Amino acid sequence: MLIALMSDIHDNTTNLLLALAEAERMGCTHLLFTGDMATLSTFRTLREEWPHGIDLVFGNNEFDRRTFMQLAEQFHDTCHHGDTADINLAGRRIYLTHYPHIAAQAAQIGLYDAVFFGHTHFAEQHTCGKTLLANPGEIAGVRSAPGFAVYNTQDNSLTHHRL
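Residues numbered from 1 in each chain as written. Predicted model: local features only at pLDDT ≥ 70, side-chain atom pairs only at ≥ 80, totals over all residues. Heavy atoms only, no water.

Would you mind showing me how to read the sheet that holds strand 1 (residues 2-6) here?
Each strand in a sheet pairs with another by means of backbone hydrogen bonds, the pair being arranged parallel or else antiparallel. The sheet built from six strands is open, its strands ordered 4-3-2-1-10-11 with mixed pairing. Looking at which strands have only one partner, the edges of the open sheet turn out to be strand 4 (78-80) and strand 11 (157-162). Strand-to-strand twist in this sheet, taken as the mean axis angle between neighbours without regard to direction, amounts to 20°. When strand 1 meets strand 10 (residues 147-152), the two strands line up antiparallel, connected through four bridges. Looking at the pairing, I3 lines up with Y151 of strand 10. In this fold helix 2 (residues 40-49) packs onto strand 2 (30-33), strand 3 (53-56) and strand 4, with an angle of close to 150° to the strand it touches most, strand 3. (Pairing = 2+ DSSP bridges. Helix = DSSP H or I, 4+ residues; strand = E, 2+ residues; numbered from the N terminus. Axes fitted to C-alpha atoms, helices over the stretch in contact; angles between N-to-C directions. Contact = heavy atoms within 4.5 Å.)

Rendered as structure tokens:
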């Protein structure tokens, strides 16, 4: 299974639409989002334009958290986990958070195949024992080139893609 991994949109819907189209073209059939969407209108755009399932967590820029959670419940195949997520997809145990320090702690536990985070706006990936630890970079294109990542559950690998 190929999974699109995105973070830090900060309401840049132009780049979001480009990333979603590219992820769809590449054959991604699920999306993981690690926070900082910013506003509800961006969440609506994401959900309306992405035809597959979404799992997401909060960043530090979603201020109306209650409404985000309520809106997520209205969309088919969308699960907003709050601040962190511990999910199973295609036989892989995956942990999501916005924050790198929480991600590093989760990776050190050794329970997860992959741990994904955002917040820094820079694409990176490491291994911690058997765990893939990665940040897809930012969609916004404010601190670094805009982009996203694709996670392959078959071989637990990640590739970064720039817009």
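Moving on from the model shown.
What is the right way to read the pattern of salt bridges from this model?
If charged atoms from side chains of opposite charge come close, those side chains can pair. Under the counting rule described, the total for this entry stands at five salt bridges. Between R25 and E22 there is a salt bridge, with the nearest N and O atoms lying 2.5 Å from each other. Of this pair, R25 and E22 both sit in helix 1 (residues 13-25), three residues apart, which is roughly one turn of the helix. Under the relative-accessibility criterion, E22 is labelled partly exposed at 27%. We note a salt bridge from K130 to D113, for which the minimum N-O separation is 3.9 Å. (Salt bridge = Lys/Arg side-chain N within 4 Å of Asp/Glu carboxyl O. Buried < 20%, exposed > 50% of the residue type's maximum accessible area, 1.4 Å probe, protein only.)

Help me out: how do you make sense of the sheet that holds strand 7 (residues 114-116) in this one?
Within the open sheet, the five strands sit side by side as 5-6-7-9-8. Their pairing is mixed. Across the chains shown, the open sheet's two edge strands, defined by having one partner strand only, are strand 5 (84-89) and strand 8 (123-128). If you compare each strand with its neighbour and ignore which way they point, the axes differ by 20° on average. Two strands pair when backbone bridges link them, and strand 7 and strand 9 (residues 131-136) are joined in this way by three bridges, in the parallel orientation. Paired with F116 across the bridge in strand 9 is A134.

Even after reading the chapter, I still don't get the environment of F63, so can you show me in this structure?
Along the chain, the position of F63 falls in the loop between strand 3 and helix 3 (65-74). Given a relative accessible area of 69%, F63 falls into the exposed group. Measuring from C-alpha to C-alpha, the distance between F63 and D83 comes to 13 Å, with 20 residues separating the pair along the chain.

What is the right way to read helix 3 from this model?
Counting along an α-helix, one turn takes 3.6 residues, and residues three or four places apart therefore face a common direction. Those residues of helix 3 not exposed but buried are F68, L71 and A72. Here the buried residues of helix 3 occupy an arc of 105° about the axis, which is enough to place them on one side. Turned more than 90 degrees from where helix 3 packs its buried face, R66, E73 and Q74 sit exposed. In this structure, the buried residues of helix 3 make contact with helix 2 and strand 4. (Arc of directions from axis to C-beta.)

How should the packing of helix 2 against helix 3 be read in this particular structure?
For any two helices packed against each other, one specifies the crossing angle of their axes together with the interaxial distance. It is at 11 Å that the axes of helix 2 and helix 3 come closest, and there the two elements cross at 20°. Here helix 2 is positioned roughly parallel relative to helix 3, judged by the angle of their axes. Handedness of the helix 2/helix 3 crossing: right-handed. Residue-level inspection shows L40, F43 and R44 of helix 2 in contact with helix 3, the latter providing T67, F68, L71 and A72. Along the lines of polarity and charge, the residues of the contact of helix 2 with helix 3 split into five nonpolar, one polar and one charged. (Parallel < 35°, antiparallel > 145°, perpendicular 65-115°, else oblique. Left-handed = near helix turned anticlockwise from the far one by under 90°. Nonpolar A, V, L, I, M, F, W, Y, C, P; charged D, E, K, R; others polar.)

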